[in-house]
Each structure stands twice: as C-alpha cells, then as structure tokens.
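Residue-level listing of the chains:
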Amino acid sequence: MGELGFEPRIVALCCHFCAYAAADLAGALRLQCPDSIHVVKIPCTGDLDVRDVLAAFESGADGVMIAGCMEGDCHYQTGNLRALKRVERTQQVLTEAGVGGERIRMYHLSSAMGGRWAEVAREMDAHIRQLGPSPLRPVGGASAGES
C-alpha cells in the first residue's frame, strides 16, 4: 500500500489535439493539478508504443496516463481505439513483469475539458499514491538523469 512521504512521478502521454489542449486549458483556467503529473505531447495516442511506456517505468515513473481524444472522435479516425488495445496489452505485460498493470490508465478528453483534465490528474495521483512507488523506481527515488 501507499508509503508515507511518497511523491509519485506520473507521465501523462497526451494527444496533441485533445488531451494536451485540455491540460493546457486547465492551466489557463488555473485549476489545481498535482505536481506529480508530467505532460508529454504526442501527435496521437494511436502512435503509442508499448516500449515507450515501459521506458517511462524504467526511468522512474510510478504511473503512466494515456490521454487521447473522445472515443469515436479521434482526429486520426481510430488512433485512440488502437491505443486502448495497446494500453490493455501493456497492462498485461506490466502485471506479468511484477510492476502492476493498474499503474497505467487511459482517459478520453476533448480539448474543451480542462475541468475534467484536472479531475483525472487528481484521480491518477491519488491512485498511484495508494499503490506506492513502482518496483522499478531507482533506489533513492530519483529518476534517471535527476540529481
């Protein structure tokens, strides 16, 4: 379970058109979002590569959020549906590796959903805090490249 004083590191892979714009809107609206969320803009969640998610965990992430367009509303037609299948497969891989498939989640947002972005960011932060540090987190808690 959760660890006292644990500060999670969560990588949020966000599609350019919707989820990244929702995160940007949340910031423009000055909505409270946890500092644990590190947003990375990607062209489309359909470009999601399982190896990139695994690399995030190997670099010290405690959780990964995949945030894309609303289901059926992807700017690249079915990219977010492909991503959902990849997330499900990645959950299986993480479970088999002993990391825990519950450390990755996918969310669907439109660009106008700044409030929802803040809500899912807080939800993911609370979820990862409850799980505690990733078993792959480097000793001392620092990510690769941090001092």
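Everything below is about the structure printed above this text.
Worth saying up front: this structure is predicted, and the values here are computed from it rather than measured. (Residues numbered from 1 in each chain as written. Predicted model: local features only at pLDDT ≥ 70, side-chain atom pairs only at ≥ 80, totals over all residues. Heavy atoms only, no water.)

Student: What am I meant to see in the pairing of strand β2 (residues 37–42) here?
Tutor: Two faces belong to every sheet, and in a regular strand the side chains alternate between them. Both strand β1 (residues 10–15) and β2 contribute to a ladder of six bridges, which runs parallel. In the sheet register, I10 faces β2, and the bridge partner there is I37. (Pairing = 2+ DSSP bridges. Helix = DSSP H or I, 4+ residues; strand = E, 2+ residues; numbered from the N terminus.)

Student: Got a minute to help me understand the state of the cysteines in this structure?
Tutor: The term disulfide refers to a covalent linkage connecting the sulfur atoms of a pair of cysteines. In this structure the tally under the stated criterion is zero disulfides. Sulfur of C33: no disulfide; nearest cysteine sulfur belongs to C14 and is 11 Å away. (Disulfide = S-S within 2.5 Å.)

Student: Can you walk me through the nonpolar core in this structure?
Tutor: The nonpolar side chains of a soluble globular protein tend to be buried with one another. Counting residues in hydrophobic clusters, the biggest one holds 23 residues, and the most contacted among them are I37, M65 and W117. Elements that contribute at least two residues to this core include exactly β1, α1 (19–28), β3 (63–68) and α4 (114–131). The element best represented in this core is α4, accounting for five residues. In this view, W117 contacts A12, C14, A19, A22, A23, A26, C33, I37, V39, M65, A67 and L109; residues no more than four positions away in its chain are not counted. (Core = buried A, V, L, I, M, F, W, Y, C linked by side-chain atoms within 4.5 Å. Buried < 20%, exposed > 50% of the residue type's maximum accessible area, 1.4 Å probe, protein only. Contact = heavy atoms within 4.5 Å.)

Read these as spatial facts, not as claims about activity.
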